Amino acid sequence: MERLQKMLAHAGVASRRKSEQLILDGKVKVNGKVVKELGTKVSSTDTVEVDGVKLEKEQKVYHLLYKPRGIISAVTDDKGRKTVADLFPHIQERLFPVGRLDYETSGLLIMTNDGDLSFTLTHPKFKIDKTYVARVKGIPGKEQLRILERGVDLEDGKTAPARVKLLSADPKQGGKAIIEITIHEGKNRQVRRMFDAIGFPVQKLKRERFAFLGLHGLNAGESRELTSHEVKLLRVMADTGKIGS
Ligand code: URA
């Protein structure tokens, strides 16, 4: 027996959080009856339907995408914009992004139908390193970069300590700098807001790494399957993460 939202996430319907919402919205039936209680336990012999469609067990798939700029990291868009799901026309399984990157941000995004792993990897308590390279307007000094390292007060709280490295600086035309920053939180537009807070707005942003994964060999818009070893490592990280501690 497992909890209904977990089963939906396992079956690749949506992330666990979104599956909970589907249940609350009355879109899920168990053995023909609408179930709105999140704790409901189901077994593999129960018939589960979402929006009237019977749940089939789907094979888990894991892809690493180099998301280009100008694409949204969702699977549908009410404004009809291109989504990351559109970059996988050849994949039958429903893929969901693990976390999100802004429309204008490029870089590494894991795509999977494994809602459970996705839930764990994006859980705020699971401190997974994400490394970004930002081009900013102006050239921050050492003291300003230290502020980013120590934590910046944003409207939704102070950011956790970050690792920051000035990669290059170009004083021409008012100046710009290329800075690498590693954070382990996932606040909305966090990197952009951190640089805004010290007065150096981000002009271009790319996620170079997610945990031990990088973008080697991929161009923007391209993807590759994760190896079974990489998936295993992500699971080990999830199992030994800080969740519940
Ligand atoms: N921080 C941002 O500002 N944007 C992203 O897309 C990811 C992290």
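Since the structure is predicted, the reported quantities are computational estimates derived from the model, not experimental observations. The numbering scheme is per chain: residues are counted from 1 as the chain's sequence reads. Given that this is a predicted model, residues contribute local features only at a pLDDT of at least 70 and side-chain atom pairs are listed and counted only at 80 or more, while totals for whole chains, interfaces and linings are drawn from all residues. Computation of side-chain values: all heavy atoms of the structure, hydrogens and water removed.

What follows deals with the site of the ligand. Around the ligand, the structure places L101, D102, T105, Y132, R189, Q190, V191, R192 and L205. Counting of polar contacts relies on pairs of N or O atoms within 3.5 Å, with two restrictions inside protein: one atom must be capable of donating a hydrogen and the other of accepting it, and residues adjacent in sequence are counted only when both atoms are side-chain atoms. A distance of 3.3 Å is found between an oxygen atom of the ligand and a backbone nitrogen or oxygen belonging to R189. Taking R192, its main chain carries an N or O atom lying 2.9 Å from an oxygen atom of the ligand. Alone, the ligand offers 230 Å² of accessible surface; in the complex the protein occludes 95% of this. Residues are classed as near a molecule or strand on a simple rule: at least one heavy atom within 4 Å of it. Per-residue and other accessible areas were derived by the Shrake-Rupley procedure at a 1.4 Å probe size, with only the shown protein chains allowed to occlude residues.

Let us now look at the environment of K142. We count a stretch as a helix when DSSP gives it H or I for four or more residues in a row; a strand needs E for two or more, and each element gets its number in order from the N terminus. When you line up the elements, K142 lands in helix α4 (residues 142–150). Buried residues are those whose accessible area, probed at 1.4 Å on protein chains only, stays under 20% of the maximum for their type, while exposed residues exceed 50% and partly exposed ones sit between those limits. Note on K142: relative accessible area 76%, which makes it exposed. Remark: the alpha-carbon pair of K142 and K57, spanning 85 residues in sequence, is separated by 53 Å.

The split of the chain into domains comes from an automatic or database domain assignment. You can read the domains of the chain as domain 1 (2–54), domain 2 (62–124 + 212–240) and domain 3 (129–210). Look at where the C-alpha atoms of domain 1 and domain 3 centre, and you get two points 40 Å apart.

Time to look at the sheet that holds strand β5 (residues 48–50). When DSSP finds two or more bridges between a pair of strands, those strands are recorded as paired. Ordered in space as β3-β2-β5-β6, the 4 strands form an open sheet in which the pairing is antiparallel. Edge positions in the sheet fall to β3 (33–34) and β6 (53–54), since each has one partner strand and no second. With 2 bridges connecting them, β5 and β6 associate as antiparallel partners. By the bridge assignment for β6, V50 is matched with V53.

Within the secondary structure, N113 is located in the loop between β9 (106–112) and α3 (115–122). Only 2.8 Å separates the side chain of N113 from the backbone nitrogen of V61, close enough to count as a polar contact. Residue contacts follow a heavy-atom distance rule, with two residues in contact if any of their heavy atoms lie within 4.5 Å. When near neighbours in sequence (up to four residues on either side) are disregarded, N113 contacts A9, H10, G12, E58, Q59, K60, V61, E93, R94, L95 and F96.

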